[in-house]
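For reference, the chains in residue letters:
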Amino acid sequence: MAEALDLQADEREALLAIYEGDDAFKEIDATKFQYKYGEDDDCKSFLVEIEWGDDYPLEKPIINMEMFYNRNLIPAVKEKVRSVLMEEAEHWLGCGMTYNLFECLKEHLDELTSEQPDLIVVESPDLNTIGVSAIHISDSSDIKKKEPKKEQLTKAQKRRQWDRADHKGDRPRGWNWVDIVKHLSQTGHKEQQTAESNANNTIFQPLNS
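An unreviewed UniProt entry lists the protein chain under the name RWD domain-containing protein, with Glossina palpalis gambiensis as the source organism.

Quick look at the structure:
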């Protein structure tokens, strides 16, 4: 047992140096370590925990896949991961093997997760019991965003908008002055015509002497 403890101390020191700065690696305590494969939003991502027993590395470590992070992982995938790690550990008995076990999974990720469906787990308020339900994630290419319907302009309307702008989308100062002047002149002309018409229609009554 003393030999195992010495080997563990050396391996722990080596692990911390190798995985320094690697966010996927985490030391839980002096004999328990975790490594995360894939991104958090990836349905095929999983976490592996390796725990050393008193006689490790003279014996195989304990492989734990039953963490909350792996709640979406199907049993078949978990069993595949355990099987690969146990088979690999067989070749490293008597030597520090945690690094080798973590790294060997990287070479088989696609094969290990091939049976894992693309699922996302969400809370369901309709369930009478505490649990989760799965929703299939469709390919992003199948999701089409609805765009607001744009007003269709005629070629003449588009041309008038273009002419009123400086061809960069900005309207020059005083672009609508002509319309305002035109409107006022028409309004003034109509008022003048109305006044003249009223004057012509007025009947002057002679004054009684």
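Don't stop here, the text continues.
**Student:** Looking at this structure, how should I read the nonpolar core?
**Tutor:** Proteins that are soluble and globular tend to have nonpolar side chains buried together. In terms of nonpolar packing, the biggest core is built from 25 residues, with Phe46, Val48, Val81, Leu85, Phe102 and Leu105 touching the most fellow members. Within the residue set of this core, elements represented by two or more residues are β2 (32-37), β3 (46-51), α2 (75-89) and α3 (98-106). When sequence neighbours within four positions are dropped, the list of residues in contact with leucine 105 reads Tyr37, Phe46, Val48, Val81, Val84, Leu85 and Leu112.

**Student:** What is the right way to read the sheet that holds β2 from this model?
**Tutor:** The pairing of strands in a sheet happens through backbone hydrogen bonds and is either parallel or antiparallel. Pairing is antiparallel across the open sheet formed by four strands, whose spatial order is β1-β2-β3-β4. If you trace the sheet from one side to the other, it starts and ends with β1 (25-29) and β4 (62-64), each paired once. On average, adjacent strands in this sheet sit at an angle of 25° to one another, irrespective of strand direction. Pairing of β2 with β3 involves six bridges; the strand directions are antiparallel. Residue pairing across strands places phenylalanine 33 opposite isoleucine 50, the latter belonging to β3. Helix-sheet contacts for helix α1 (residues 2-18) involve β1 and β2, and the interaxial angle to β1 is about 145°.

**Student:** Can you walk me through a negative patch on the surface in this structure?
**Tutor:** Taken together, the side chains of Glu3, Asp6, Asp10 and Glu13 define an acidic patch exposed on the protein surface. Topologically, glutamate 3 is positioned in helix α1.

Calculation criteria
Residues numbered from 1 in each chain as written. Predicted model: local features only at pLDDT ≥ 70, side-chain atom pairs only at ≥ 80, totals over all residues. Heavy atoms only, no water. Core = buried A, V, L, I, M, F, W, Y, C linked by side-chain atoms within 4.5 Å. Buried < 20%, exposed > 50% of the residue type's maximum accessible area, 1.4 Å probe, protein only. Helix = DSSP H or I, 4+ residues; strand = E, 2+ residues; numbered from the N terminus. Contact = heavy atoms within 4.5 Å. Pairing = 2+ DSSP bridges. Axes fitted to C-alpha atoms, helices over the stretch in contact; angles between N-to-C directions. Patch = residues over 30% accessible without salt bridge, like charges linked within 9 Å, V, L, I, M, F, W, Y side chains within 5 Å. Areas by Shrake-Rupley, 256 points an atom, 1.4 Å probe, with all protein chains shown as cover. Salt bridge = Lys/Arg side-chain N within 4 Å of Asp/Glu carboxyl O. Lys, Arg positive; Asp, Glu negative; His and termini not counted. Charge placed at Lys NZ, Arg CZ, Asp CG, Glu CD.

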